[in-house]
Structures are given as structure tokens and as C-alpha cells.
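Letter by letter, the chains look like this.
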Amino acid sequence: MKRRLFVMTATATALTLGMASTAFAQTKWDLAAAYPATNFHTENLQQFANDVDKASGGKLKITVHANAALFKAPEIKRAVQGGQAQAGEILLVNFQNEWQIFGVDGLPFLADSYDESTKLYKAQKPALEKKLAEQGMNLLYAVAWPPQGIYSKKPLNSAADLKGIKWRAYSPATSRIAELVGAQPVTVQAAELSQAFATGVVEATMTSGASGVDSKLYENLKYYYDMQAWLPKNAVIVNKAAFDALDKPTQAVVLKAAADAEARGLAASKRVNVESMDKLKANGMNIVVPSAALKADMKKVGDTMVKEWLEKSGAEGKAVLDAYNKP
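So, how was this worked out
Residues numbered from 1 in each chain as written. Predicted model: local features only at pLDDT ≥ 70, side-chain atom pairs only at ≥ 80, totals over all residues. Heavy atoms only, no water. Phe/Tyr/Trp six-rings, centres within 6.5 Å; stacked < 30°, edge-to-face > 60°. 1 Å grid on protein atoms, 1.4 Å probe; cavity = no way out; pocket = protein on both sides within 12 Å on 5 of 7 lines; lining within 4 Å. Points joined across faces, edges and corners; volume = space filled by probe spheres on them. Pairing = 2+ DSSP bridges. Helix = DSSP H or I, 4+ residues; strand = E, 2+ residues; numbered from the N terminus. Axes fitted to C-alpha atoms, helices over the stretch in contact; angles between N-to-C directions. Salt bridge = Lys/Arg side-chain N within 4 Å of Asp/Glu carboxyl O. Buried < 20%, exposed > 50% of the residue type's maximum accessible area, 1.4 Å probe, protein only. Parallel < 35°, antiparallel > 145°, perpendicular 65-115°, else oblique. Left-handed = near helix turned anticlockwise from the far one by under 90°. Contact = heavy atoms within 4.5 Å. Core = buried A, V, L, I, M, F, W, Y, C linked by side-chain atoms within 4.5 Å.

**Section: the packing of aromatic side chains**
Within this structure, the stated rule accounts for seven aromatic pairs. Linked through ring pairs, Tyr35, Phe40 and Trp145 together constitute an aromatic cluster.

Next comes the structure, spelled out in C-alpha cells:
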């Protein structure tokens, strides 16, 4: 009887130790995101997290916190850098004032198609990875938003029609556009966008068709001018110490899932661009091809901003644009 009791006790102890070992081996990451769970970027993040969970055999669990539930958009980068969240998704152009290269894909009419956006990303990526590494972070992947257009409550025939209008800005570049056309820039994050238009805090903005659908801008605005102005990127970043703490096989799993997410995200962005236009139309939004005057006015704004950006970014910025402009 004593022997039997000893065996049972030993077995129970072994099981307890085994369970403790399994629990200890499992790593949990929080990934902070700023956009709704239904946004294609967030869906892609969730698939990335699922892929990591499956391929690592449950060793790494990533929880995606959508719609700025964990940190607001401007706070995510610092949270990841400081280890408050192990990973996060940021809109790169939000951080242009910190380092000009972050904002290169927000320069109007520099890269105005998916092919040009991909080319610009390749030119930007080495400097981007180096800067993030200096700040204690790794770049996992990046995905472009659909091309940006202008949403407005009233018709726009030229940039003169934007003078004095309350313009929602979400980045240094979009604030600068407002200044150059004589609009009033008002900073509003994605999570508060719908309410801002409903209450008249803002009257116009430049963003993508996808964001227009997410925020149901058709409920408060009548016009979308399909400017094809630029394609800003969301980048998924990870705290370097958190990544380095993973074993090599799990690191490889994360990098493979990230590469898959980048390719899948690009395809999703292209698909969503078409779907968003259809949804905006179906909900009563007028999709307008911009007049020659409006396009020419905005192109002048873009030329001014590229020149200003080069002056601020110096040799580093010139190297990125030189790499981008190579045939």
C-alpha cells in the first residue's frame, strides 16, 4: 500500500512539474493596434498571431489589442520601445517629426501607386531597420494603405475651396498640407474620426477608402476625391529584447509569419481599395475624379513638401530618394 501511494505521489509530482514546465515555456506577447478589428490591417495582424501560435506549437501566444484598446496610436511606438507591449502596429508617417525618414511615404504624389509604394519601401527599409534597431526594436513587416483621397462636405474644384476649412490631420504631413492650402489642421486619431465629423470638429480630410468605410464617413460627408496621392504604410514592430529572448526556432517562426503577413497584407490592401470604393458608393458617397485644377494645385503642394523634406532629412533622405529613383 505504501509503495502504491509512493508511486501515485511521484506520478502526481511529475505531472505537476511537467505542467509547470509547459507553462514556463509558453511566452505571451501583447500587440497594440490602433484600428478596428474589422480593418484589413487588424485582420492581417490576427492571422499573423494565429500563424505564430500554430507554427510554434503554442510556445508563443500573441494577443492583438485592436482599436487603440491598449495604447492610442501615437503612444504605441514608445510602448513597444519601453517594453510595455512586446509588439505593436504603427503608422510610420505619424513619427516624421522624430525622424524624417519615417514620413517619406506620406509625401504627396511621390509614390502614388502600389508598385511605386513597394519600390519606395525597398529604398526606405535599410535605414528604417537601422533606426528601429538603434531604438531597441525590430521591424517585422509593413503593409501599405490604399491610395489617399480627399473627403469633403462640399464640392472641391481647386485647392482654393479648402481655404479656411477644418481639416483633420493625423500626421505632420497632413498638417502641412492643410497649412499650404490655407485650411485649419485639427488632430484627430482614427478611433475618434467618425465622431469628429458628426460633431463638426472637422469638415474634410485626406485618407483612404478603407478608413472612410471603417469610420462610416458617408454618414456625414458627401464627396470623395480619388486623388491617388500617396500610400502610407503601417509597420509592425517588436521590442528587440522580447524577440531576442525567444529561442531560435520560435524566432524563425515569427519571421516566417511576418513575411507571409507582408505579402498577404499587400494583396488585401489592393482588394480592399476596390471594395471600399464600392461600399462608399453604395452608401451614397459621390466618388469624384479630381479636376485638372485640383490635381495641379495638390501636385504643387506635393512638390513643396518633397523639397522641404529633403532639406530636413539631409544626406540620409537624399540617399533614400536616390535609391527610389534608380531605374
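Text resumes after the structure shown.
**As for the layout of surface pockets**
If you add up the space inside the largest pocket, you get close to 260 Å³. In this structure, the largest pocket is lined by 22 residues; those nearest its centre are Tyr35, Arg168, Ala190, Leu193 and Ser211.

**Here we look at the sheet that holds strand β10 (residues 233-239)**
Read across the open sheet, the five strands follow the order β2-β1-β3-β10-β4; overall the sheet is mixed. For this open sheet the edge positions go to β2 (60-65) and β4 (137-144), each flanked by a neighbour on one side alone. Averaged over neighbouring strand pairs, the angle between their axes works out to 20° when direction is ignored. Relative to β2, strand β1 (residues 27-32) is paired through six bridges, and the arrangement is parallel. Within β2, the residue paired with tryptophan 29 across the bridge is isoleucine 62.

**Some remarks on the sheet that holds strand β7 (residues 184-187)**
In spatial order, the strands read β7-β6-β8-β5-β9-β11; together these six strands make up an open sheet with mixed pairing. The open sheet terminates on both sides in strands that have one partner only, identified here as β7 and β11 (286-288). In this sheet, neighbouring strand axes are inclined to one another by 30° on average, regardless of whether the strands run parallel or antiparallel. Bridge analysis of strand β5 (residues 148-152) against strand β8 (residues 204-208) gives five bridges, and the strand direction is antiparallel. When the sheet's bridge partners are listed, glycine 149 is paired in β8 with threonine 207.

**Details of the pattern of salt bridges**
Taken as a whole and judged by the stated rule, the model has 14 salt bridges. Notably, a salt bridge pairs lysine 299 with aspartate 303, separated by 2.8 Å at the nearest N-O pair. With lysine 299 and aspartate 303 both in helix α10 (residues 292-325), this residue pair falls four residues apart, about one helical turn. Assessed through its relative accessible area of 37%, lysine 299 is described here as partly exposed. Accessibility expressed as a relative area gives 42% for aspartate 303, which makes it partly exposed.

**Looking at unusual backbone geometry**
Despite not being glycine, phenylalanine 109 has its phi angle at roughly 65°, a positive value. As for its position among the elements, phenylalanine 109 is in the loop between β3 (87-91) and α4 (114-134). According to the relative accessible area criterion, phenylalanine 109 is buried, its value standing at 13%. With phi around 50°, glutamine 228 is a residue other than glycine that occupies positive phi space. Structurally, the position occupied by glutamine 228 is in the loop between β9 (223-225) and β10. The partly exposed category is assigned to glutamine 228, whose relative accessible area is 28%.

**A closer look at the packing of α4 against α10**
The geometry of α4 relative to α10 is characterised by a closest axis approach of 8 Å and an angle of 135° between their N-to-C directions. Judged by the inter-axis angle, α4 sits oblique to α10. Regarding α4 and α10, the two cross each other, and that crossing is right-handed. Touching Glu116, Lys119, Leu120, Ala123 and Gln124 of α4 are Val320, Ala323, Tyr324 and Asn325, all from α10.

**Description of the nonpolar core**
With 91 residues, the main nonpolar core has Phe48, Tyr141, Trp167, Met206, Met227 and Met298 as its most contacted residues. It is α10 that contributes the most residues to this core, nine residues altogether. Sequence-distant contacts of methionine 227, that is, excluding residues within four places in its chain, are made with Phe109, Gln148, Gly149, Ile150, Met206, Pro290, Leu294, Lys295 and Met298. The next biggest cluster of nonpolar side chains, apart from the first, holds 14 residues, and it includes Leu193, Val213, Leu221 and Tyr224.

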